Structure formats: C-alpha cells, structure tokens
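Structural overview
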Amino acid sequence: SNGSHSARIEAEFAALLGLKILEPATVADMIGMVKSAIRDPDACYVIVPIHELGMREMVSEKEFFTPLGVASVRREGSDVTLVTYGALMLKCAFAAAEELAKRGVSLEVIDLRTIKPWDKEVVFSSVEKTGRVIIMHEASKSFHVGAEFSASLSEEVRTFHRLRSRIIRLAATDTQVPVHPNLEDIRLPQVDEVVAAAMRQM
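The rules behind these values
- Residues numbered from 1 in each chain as written.
- Predicted model: local features only at pLDDT ≥ 70, side-chain atom pairs only at ≥ 80, totals over all residues.
- Heavy atoms only, no water.
- Pairing = 2+ DSSP bridges.
- Helix = DSSP H or I, 4+ residues; strand = E, 2+ residues; numbered from the N terminus.
- Axes fitted to C-alpha atoms, helices over the stretch in contact; angles between N-to-C directions.
- Contact = heavy atoms within 4.5 Å.
- Buried < 20%, exposed > 50% of the residue type's maximum accessible area, 1.4 Å probe, protein only.
- Arc of directions from axis to C-beta.
- Polar contact = N/O pair within 3.5 Å; in protein donor to acceptor, adjacent residues only side chain to side chain.
- Expected span 1.5 Å × (residues − 1).

For the rest of this paragraph, the subject is the sheet that holds strand β5 (residues 107-111). Within the open sheet, the five strands sit side by side as β3-β5-β4-β7-β8. Their pairing is mixed. Each having just a single partner strand, β3 (72-75) and β8 (168-172) make up the two edges of the open sheet. Between one strand and the next, the sheet's axes are offset by a mean angle of 25°, whatever the strand orientation. In this sheet, β8 lies alongside strand β7 (residues 133-140) in parallel orientation, the contact comprising four bridges. By the bridge assignment for β8, Ile-134 is matched with Ile-168. Contacting β3, β4 (80-84), β5 and β7, helix α3 (residues 87-102) crosses the sheet at an angle of about 170° to β5. On top of the sheet, helix α5 (residues 145-155) reaches β7 and β8; it is set at about 160° to β7, its chief contact.

This next bit is on α5. Inspection of α5 places Val-145, Gly-146, Phe-149, Ser-150, Ser-152 and Leu-153 among the buried residues, and these make up the whole buried set. One side of α5 carries all its buried residues, which in axial view fall inside an arc of 160°. Turning to α5, the residues buried within the fold contact α1 (10-14), β6 (114-116), α4 (120-130), β7, α6 (157-160) and β8.

Here we come to the sheet that holds strand β1 (residues 19-22). Pairing between the strands of a sheet is mediated by backbone hydrogen bonds and can be parallel or antiparallel. What the three strands build is an open sheet, ordered β2-β1-β6; its pairing is mixed. Edge positions in the sheet fall to β2 (43-46) and β6, since each has one partner strand and no second. Adjacent strand axes in the sheet meet at a mean angle of 30°, parallel and antiparallel pairs treated alike. Pairing between β1 and β2: four bridges, direction parallel. Looking at β2, one finds that Leu-22 is bridged to Val-46. The sheet contacts of helix α2 (residues 27-39) involve β1, β2 and β6, and relative to β2 the element is tilted by about 155°.

With that out of the way, let us pick up the side chain of Asp-111. With respect to the helices and strands, Asp-111 occurs in strand β5. Judged by its relative accessible area of 0%, Asp-111 is buried. Here Arg-74 takes part through its side chain, which lies 2.9 Å from a polar atom of the side chain of Asp-111. Within the structure, the side chain of Asp-111 is placed 3.2 Å from the backbone nitrogen of Arg-113, a separation counted as a polar contact.

With 16 residues, α3 ought to run about 22 Å at 1.5 Å a step, and its terminal C-alpha atoms sit 23 Å apart, in line with that. Along α3, the positions that sit buried rather than exposed are Ala-87, Met-89, Leu-90, Cys-92, Ala-93, Ala-96, Ala-97 and Leu-100. Buried-residue contacts for α3 involve β3, β4, β5, β7 and α8 (191-201). Directly beyond the C-terminal end of α3, a positive phi value near 80° is found at Gly-104.

We now examine the environment of Glu-138. You can see Glu-138 is positioned in strand β7. Spatially, the C-alpha atoms of Glu-138 and Gly-86 are 8.1 Å apart, while their sequence positions differ by 52 residues.

This is the structure in structure tokens:
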C-alpha cells in the first residue's frame, strides 16, 4: 500500500497491465478490500492517502471481505450521477448532495472503491437513469483516470445516447500540493463546485 500525499499516482500504476488499483474510502472497506487483495491471484496496489490514516469507524467483528472491482452506491439519486473515490472526495460528495437536495436536485453518489478494474456496470446503469454525470477525484485533471471514465461513457452506446448534458470532470488543479492546508483546499474540488456543476447540468 502507499501512504500518498503530494503524488497521486493511480494513473501511472493503472497503465500497468495485470495490476489492480484500490482506494477504499471507509475503514470497513479498507479492512475488507485488503483481505480480498491478499487472496486475489493478481497483484493489487492499495492507495491510502495520508488524511485517511487517522480514520476511525465501528466495524463488524465477524469475518468479511469486500469484493474487488465492485462499486458502492453510497447515496441513491435520480437527477445527476457523481462518480468518485477516496474518503475526502466521498465526504465532499455527501455534503454536495445535501446542498443539492435543498434545491430539489437528487444526486446519486457512486464510490468506485476499485479504480482498476472500475465497475462500469454500476456507473453505466446510474448514468442511464440520470442522464447526467460528474466525475470527481483528488488527482489533477490532466491525463488522469477521470479521462478514462469519461471516454468510456462517451464510447458506450447505452450511455452516450442517454446523456442529457456534457460530462463534467472536477479534479485538482495541475499544480503541486502546497504545504499550507488552506492552499490545499483551494487546489482540490470543493462542495460549492459540485453544486454549481450539478446545477449547470440541470
């Protein structure tokens, strides 16, 4: 696993054939996915951003495994699909969903959990339903995995013809991670950006 901070390197590793890329956003998924990764016949790379290292959560004492390559619909919605991964972006998505609900917009939040292979079926089914999609991640926008997700949605006949508006990617600016946390917040997508993007699509 990798305790990443300034470098978001999932795109580089995703380009390697045969390697699975995981980024759990909850403690339960961290435990369940790591156990699944240990038992998986393929090589697995678990990304653990530094802000996730102090997370605490009650988990079951019973043995459990989280399946790899299976996304989780963290919040059901009917108007806009938000595809994301990682605890920080998931928290942002939940906050945006609450703000949008006050405006009468229903946001469906999908936590990919596995970046490669990503769960196309769950994402495609959601986009068929909503017709609108936002892709959000902590990594910079240029040349990153969000572009792969967006291209796949555009190429797939079942989703392309159901899109009611353009796909929007929300990502970090193409800059190095600053030391000061206030500047880091400026670099990353924030709740108001998600809300604005969803409202533009509506």
